[in-house]
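# Summary of structural features
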Amino acid sequence: MPTKVILDVDTGTDDAVALMVAALSPDLELVGATTVNGNTAVHNCTENTLRVFDWIGLPEIPVHQGMSRPLAREQMTQLNPASRIHGDLLDLPQATKARVQPGHAVDWLIETLLASSGDITLVPVGPLTNIATAIQKEPRILERIPEIVIMGGAHHHGNSTASAEFNIWLDPEAARIVVNCGRPIRMIPLDATHQALVSLDDCSALRNLGTPAAEAAARFVEKRIDGYDATQPMHRPNAAPVHDALAVCAIIDPTIVTTHHIPVDVETNAELSVGRTVCDFRFRSGRPANVHFAMDADEPKFVRMLMEILGRTA
Ligand code: RIB
Ligand code: CA
């Protein structure tokens, strides 16, 4: 049976690849997508998500728009590098068939989870504002969530600051609520996503597949490689992480990442490290483990999965 998932996205270029993997994988059933303020303003994230579903021929996948700003702090100005890695609007035709659904994403999440049999995995790959708001508004949804698989966090190094990864940094109060919600959590942080890069050669191979999803993924990853080589060079040039897609692939094949079940919390006060995921690998806090935190990833397996899944058509 395919695993039911809801993706909460701030579509961006890697969110777009994650959405296509989730929509086309035979191992997943994409129940819907919710959009949140993050890489760009939430209305752009919504338009970008609609463009993706139009492009791959699945305009019927429901999209609901969510929160337009962080829970408890001023909107952090997005660092320049992200605009070169994402841009405001994806390089895809404007959506014509896919439509944003009426109603706020938070209310749709609550209704959908309460009506479910507790079999829908939540996959937030942007700031956690929608998820935290839904939990605060209706705590009963927690018993209906089997697992939350988050793209976010960082132990060794951040990307938005020295200490913090973007999705957590933009709304640390929301992230703290979610990581402490008591449900099973897998976190796919930069420590894993930076070990699974997609290269320009991989983009050529994607293009040769000749499918809409593979063509779009090649276009988005080439943009990411340009942005990363210019602003956040990885351990080798001409390659970039595709963070959100790795989180989705980890649901399809959990062995693609190596995780550690440890206590994790989120700094919300310290001036220099706000948004840091504090990973207690040695259990110094005496607190129970609450997160399966990934510290490595299998790059060849990741690229193989992208080729297999994005080579499919709807
Ligand atoms: O730090 C990487 C994360 O921030 C990814 O989800 C990317 O899309 C941005 O949201
Ligand atoms: Ca994202």
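Just so it is clear, the model here is predicted, and its values are computed rather than measured.

### Notes on the site of ligand 1
Inspection of the region around ligand 1 gives 13 residues, with D14, V125, N159, E165 and D244 positioned closest. A distance of 2.8 Å is found between an oxygen atom of ligand 1 and a backbone nitrogen or oxygen belonging to V125. Protein chains shield 97% of the accessible area of ligand 1, which is 270 Å² for the free molecule. The set of elements that each furnish at least two residues to the shell around ligand 1 consists of helix 1 (13–24), helix 6 (166–170) and helix 11 (243–252). Here the residues of the shell around ligand 1 sort into three nonpolar, five polar and five charged.

### What about the pairing of strand 2 (residues 28–35)?
Most of strand 2 sits inside the fold, with seven of its eight residues counted as buried. Relative to strand 2, strand 1 (residues 3–9) runs parallel, the two sharing seven bridges. Of the residues in strand 2, the one forming a bridge with V9 is T35. Between strand 1 and its parallel partner strand 2, the chain crosses via helix 1, and the hand of that crossover is right-handed. Once the chain exits strand 2 it traverses helix 2 (residues 42–55) before rejoining the sheet at strand 3 (residues 63–65), and the crossover so formed is right-handed.

### Some thoughts on the packing of aromatic side chains
What describes a pair of aromatic rings is the distance from one ring centre to the other and the angle between the planes of the rings. All told, the structure shown has two aromatic pairs when counted by the stated rule. With a centroid separation of 6.2 Å and 40 degrees between ring planes, the pair formed by F166 and W169 is classed as tilted. Placement of both F166 and W169 in helix 6 is noted, with a separation of three residues, approximately one turn of the helix. Per residue, the accessibility class of F166 equals that of W169, and both read buried. With a centroid separation of 6.5 Å and an interplanar angle of 85 degrees, the aromatic rings of F281 and F293 are classed as edge-to-face. One end of the pair, F281, is in the loop between strand 11 (277–279) and strand 12 (291–297); the other, F293, is in strand 12, with 12 residues separating them in the sequence.

### Here's the deal with the nonpolar core
L7, F53, F302 and L310 are the most contacted members of the largest nonpolar core, which has 72 residues in total. The contacts of F53, once residues within four sequence positions are left out, are L19, A23, L30, A33, L58, P59, I61 and V63. Counting residues in hydrophobic clusters, the runner-up holds 34 residues, among them A134, V179, V266 and V291.

### Comments concerning the coordination of the calcium ion (ligand 2)
Coordination sphere of the calcium ion (ligand 2), protein contribution only: D10 (OD), D15 (OD), D15 (OD), V125 (O) and D244 (OD), at 2.2 to 2.7 Å. Accessibility expressed as a relative area gives 0% for D15, which makes it buried.

### Brief notes about helix 10 (residues 212–231)
In a regular helix each residue adds 1.5 Å, so 20 residues correspond to 28 Å; helix 10 covers 29 Å between its end C-alpha atoms and thus fits that length. Those residues of helix 10 not exposed but buried are A213, A214, A216, A217, A218, F220, V221, R224, I225, G227 and Y228.

### Some remarks on unusual backbone geometry
Notably, N238 is not glycine yet its phi reads approximately 60 degrees, a positive angle. One can find N238 in the loop between helix 10 and strand 8 (239–241). We classify N238 as partly exposed; its relative accessible area is 41%. For F283, which is not glycine, the phi torsion reads 55 degrees and is therefore positive. Mapped onto the secondary structure, F283 falls in the loop between strand 11 and strand 12. Given the relative accessible area of 40%, F283 is considered partly exposed.

### Things to note about the environment of D296
Tracing the backbone through its elements, the reader meets D296 in strand 12. By relative accessible area, D296 is classed as partly exposed at 37%. Residues D296 and P189, spaced 107 residues apart in sequence, show a C-alpha to C-alpha distance of 9.2 Å. When sequence neighbours within four positions are dropped, the list of residues in contact with D296 reads D191, A192, Q195, I256, V257 and T258.

### A look at the pairing of strand 4 (residues 120–124)
Here strand 4 lies mainly inside the structure; five of its five residues are buried. A two-sided burial pattern is seen for strand 4, the buried positions comprising I120, L122 and P124 on one face and T121 and V123 on the other. Note that strand 1 and strand 4 share five bridges and pair parallel. Residue pairing in the sheet places I6 in a bridge with L122 of strand 4.

### Observations regarding helix 2
Structural remark: α-helix, 3.6 residues per turn; residues separated by three or four positions point the same way. Over its 14 residues, helix 2 runs 20 Å from end to end, which matches the ideal 20 Å to within 8%, given 1.5 Å per residue. In terms of burial, helix 2 is largely enclosed, as 12 of its 14 residues are buried. For helix 2, the elements touching its buried residues are strand 1, helix 1, strand 2 and strand 3. G57, located one to two residues past helix 2, shows a positive phi value of around 80 degrees.

Rules of the game
- Residues numbered from 1 in each chain as written.
- Chains lettered and ligands numbered in written order.
- Predicted model: local features only at pLDDT ≥ 70, side-chain atom pairs only at ≥ 80, totals over all residues.
- Heavy atoms only, no water.
- Near = heavy atom within 4 Å.
- Polar contact = N/O pair within 3.5 Å; in protein donor to acceptor, adjacent residues only side chain to side chain.
- Areas by Shrake-Rupley, 256 points an atom, 1.4 Å probe, with all protein chains shown as cover.
- Helix = DSSP H or I, 4+ residues; strand = E, 2+ residues; numbered from the N terminus.
- Nonpolar A, V, L, I, M, F, W, Y, C, P; charged D, E, K, R; others polar.
- Buried < 20%, exposed > 50% of the residue type's maximum accessible area, 1.4 Å probe, protein only.
- Pairing = 2+ DSSP bridges.
- Right-handed = clockwise from strand over helix to strand, strands pointing away.
- Phe/Tyr/Trp six-rings, centres within 6.5 Å; stacked < 30°, edge-to-face > 60°.
- Core = buried A, V, L, I, M, F, W, Y, C linked by side-chain atoms within 4.5 Å.
- Contact = heavy atoms within 4.5 Å.
- Donors = N, O, S within 2.8 Å, 3.2 Å for Na, K, Ca; no water.
- Expected span 1.5 Å × (residues − 1).

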